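# Overview (structure and organization)
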Amino acid sequence: NAGVTQTPKFQVLKTGQSMTLQCAQDMNHNSMYWYRQDPGMGLRLIYYSASEGTTDKGEVPNGYNVSRLNKREFSLRLESAAPSQTSVYFCASRKVSDSNEKLFFGSGTQLSVL
Amino acid sequence: SQQGEEDPQALSIQEGENATMNCSYKTSINNLQWYRQNSGRGLVHLILIRSNEREKHSGRLRVTLDTSKKSSSLLITASRAADTASYFCATFLSGGYNKLIFGAGTRLAVHP
């Protein structure tokens, strides 16, 4: 079982370039999340998708767009990258049920914007 | 601002000692979770405590929750070098189970 798979693992962009971070989960989970983690800090929620077909803003959505392509896949797009978006990005998923509230995380994408 | 704040920011101990990390949060919660992150890796869920629970155990982990003080603590007993990691508390914002918000974390170093 792969769990949550993120691609790419590393990426360097120039200011103004665009790119899409891919995330896929094979656990049949309903909810998916995108977080960013800056050095020495915790995770901040960018966007989440409570279920297929829905997306909502998190704590820091500006500069990002998301697409819940299907139940498995949730992508994060940077339309015009800025140095402030240099960070490690984590995707996570969760099976929604009364007794199962924990998130499963991917291994992250390290993004540098020059 | 983040929902949870951990204290201390960093903790350095010897193998065999106990490690205690604290988390404070701002709004009412349904449950509180603790996660662990090894350097450069994704987070792994450790334990969840519900708002109607006061204490929970899992192996060498003990979590307490005081909803009146809006605080939680994570105790790791008999620490090992392999426990070296960052530890984060996280809560769902009240009224929903969708937005899981993390604190800034405690960096634990366990020295052999």
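Below: a short report on this structure. The structure displayed is predicted, hence computed values, not measured ones.

### A word on the state of the cysteines
This structure, assessed with the given rule, holds two disulfides over all chains. In this model Cys23(A) forms its disulfide with Cys91(A); the gap between the sulfur atoms is 1.8 Å. Across the S-S bond of Cys23(A) and Cys91(A) the torsion is about -75°, and the bridge reads as left-handed. With Cys23(A) in strand β3 (residues 19-25) and Cys91(A) in strand β9 (residues 87-94), this pair connects stretches of sequence that are 68 residues apart. When sorted by exposure, Cys23(A) lands in the same class as Cys91(A), which is buried. Paired through a disulfide, Cys23(B) and Cys89(B) show a sulfur-sulfur distance of 2.0 Å. Residues Cys23(B) and Cys89(B) are joined by a disulfide whose S-S torsion is about 70°; by sign, that bridge is right-handed. Pair noted here: Cys23(B) is in strand β3 (residues 19-25) and Cys89(B) is in strand β9 (residues 85-93), with a separation of 66 residues, a long-range link. Classification of Cys89(B) as buried rests on a relative accessible area of 1%.

### Focus on the interface of chain A and chain B
As a measure of interface size, the accessible area lost when the parts come together is often cited. Each partner contributes to the interface: chain A provides 25 residues, whereas chain B provides 23 residues. Summed over both partners, the interface of chain A with chain B comes to about 1800 Å²; 53% of that surface belongs to carbon and sulfur atoms. Broken down residue by residue, the surface that chain A buries against chain B is led by Leu43(A), Glu101(A) and Phe105(A), which jointly contribute 28%. At the surface where chain A touches chain B, the tally comes to zero salt bridges. Linking chain A with chain B are three residue pairs in polar contact (both at pLDDT 80 or more), by the criterion used here. The set of elements that each furnish at least two residues to the side of chain A that touches chain B consists of β4 (31-37), β5 (43-49) and β9 of chain A. Here the side of chain A that touches chain B is composed, by residue class, of ten nonpolar, eight polar and seven charged.

### Observations concerning the pairing of β9(A)
If a strand is regular, its side chains alternate between the two faces of the sheet. All names here are of chain A. Here β9 lies mainly inside the structure; seven of its eight residues are buried. With seven bridges connecting them, β4 and β9 associate as antiparallel partners. Residue Trp34 lies in a different strand from β9, and its bridge partner there is Cys91. Strand direction decides the pairing type here: β9 and strand β11 (residues 109-113), joined by three bridges, are antiparallel. Among the inter-strand pairings, Val88 is bridged to a residue of β11, identified as Gln110. Pairing of β9 with strand β10 (residues 104-105), which is carried by two bridges, proceeds in the antiparallel orientation.

Criteria and cut-off values
- Residues numbered from 1 in each chain as written.
- Chains lettered and ligands numbered in written order.
- Predicted model: local features only at pLDDT ≥ 70, side-chain atom pairs only at ≥ 80, totals over all residues.
- Heavy atoms only, no water.
- Disulfide = S-S within 2.5 Å.
- Helix = DSSP H or I, 4+ residues; strand = E, 2+ residues; numbered from the N terminus.
- Buried < 20%, exposed > 50% of the residue type's maximum accessible area, 1.4 Å probe, protein only.
- Contact = heavy atoms within 4.5 Å.
- Buried area = accessible area lost by both parts, 1.4 Å probe.
- Salt bridge = Lys/Arg side-chain N within 4 Å of Asp/Glu carboxyl O.
- Polar contact = N/O pair within 3.5 Å; in protein donor to acceptor, adjacent residues only side chain to side chain.
- Nonpolar A, V, L, I, M, F, W, Y, C, P; charged D, E, K, R; others polar.
- Pairing = 2+ DSSP bridges.

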